[in-house]
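Each chain, written out:
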Amino acid sequence: MDKPVDPDELDDATGEQLVRVARRSVEHYFERKELMPTPEGLPQVVYRPGAAFVTIETYEGGSRSLRGCIGFIEPVRPLVRSVIEVAVEAAFNDPRFLPMERGELDTVTFEVSVLSSLEEAPRTAEGRLSFFKIGRDGLVVERGLYRGLLLPEVPVENLWDPETFLSETCIKAGLWPDCWRDERVKVYRFRTATWREEAPKGAVRRRDLAAEYAEALRARGLAPPQST
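From a predicted model like this one, the values you see are computed outputs, not experimental measurements.

To continue, consider the packing of aromatic side chains. This model, assessed by the stated rule, comprises four aromatic pairs. With a centroid separation of 4.9 Å and an interplanar angle of 40°, the aromatic rings of Tyr29 and Phe92 are classed as tilted. Of this pair, Tyr29 sits in helix α1 (residues 12-32) while Phe92 sits in helix α2 (residues 79-92), placing them 63 residues apart in sequence. Residue class for Tyr29 comes out partly exposed when judged on its relative accessible area of 25%. Taking the centre distance of 5.7 Å and the plane angle of 80° together, the rings of Phe132 and Phe165 count as edge-to-face.

Further remarks concern the environment of Arg205. With respect to the helices, strands and loops of the structure, Arg205 is situated in strand β8 (residues 204-206). For Arg205, a relative accessible area of 33% translates into the label partly exposed. Each C-alpha atom of the pair Arg205 and Glu16 lies 7.2 Å from the other, and the pair is 189 residues apart in sequence. What Arg205 contacts, discounting residues up to four positions off in sequence, is Thr194, Trp195, Arg196, Glu198 and Glu212.

A few words now on the state of the cysteines. Evaluation of the coordinates by the stated rule reveals one disulfide. The disulfide bridge from Cys170 ends at Cys179, spanning 2.4 Å between sulfur atoms. The S-S bond linking Cys170 to Cys179 shows a torsion near -100°; that makes this disulfide left-handed. Exposure remark for Cys170: the relative accessible area of 0% places this residue in the buried category. What makes Cys179 buried here is its relative accessible area of 0%. We note that Cys69 lacks a disulfide partner, and the nearest cysteine sulfur, in Cys170, lies 19 Å from it. For Cys69, a relative accessible area of 19% translates into the label buried.

Criteria and thresholds
- Residues numbered from 1 in each chain as written.
- Predicted model: local features only at pLDDT ≥ 70, side-chain atom pairs only at ≥ 80, totals over all residues.
- Heavy atoms only, no water.
- Phe/Tyr/Trp six-rings, centres within 6.5 Å; stacked < 30°, edge-to-face > 60°.
- Helix = DSSP H or I, 4+ residues; strand = E, 2+ residues; numbered from the N terminus.
- Buried < 20%, exposed > 50% of the residue type's maximum accessible area, 1.4 Å probe, protein only.
- Contact = heavy atoms within 4.5 Å.
- Disulfide = S-S within 2.5 Å.

In structure tokens:
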């Protein structure tokens, strides 16, 4: 089996192609009511196994609101195939929203996040708080059949500190907010590379989440969280 894709392997041209594939996947589904075939001629790296999430946001006057977000945590399919499939899932099967209507395609932006492999955090509360960095890492919390994931952009966009990020990931997993303090609960970090349309059908750029976080904190006169 081919080695899974690490996000650091992808350049911006490849990231842009993946975002375009995500949009075309949804367009194709509207036209044919079936998943689009895997396109040929893309960089070879995208045909290796890869984990990815697709986020769709409604874009109005420069502001964004979530429209759908679904993905694969594990590299169970070729990266490009993962993007094709989860783009359709995000558009039509995110249980938080009604299925997308065709007219929305001109008012939404597509974002693709490619995930690294998971790295388990220490089992102590102090070790977990210092194990990840906001603006770089996403989190997974797991206990038994309960599992929740939050992408790195979520704490950036909500200006969370590390403890809040951990607590919100616990809630996403359907567990109690301070479950991350329990050594029976597993906590993992992962990195992403993320590209997003700047406007519907517009230019695609890589997101610098660390810079976004620092700028948002400065704009509100807040100090960055201190490492423990």
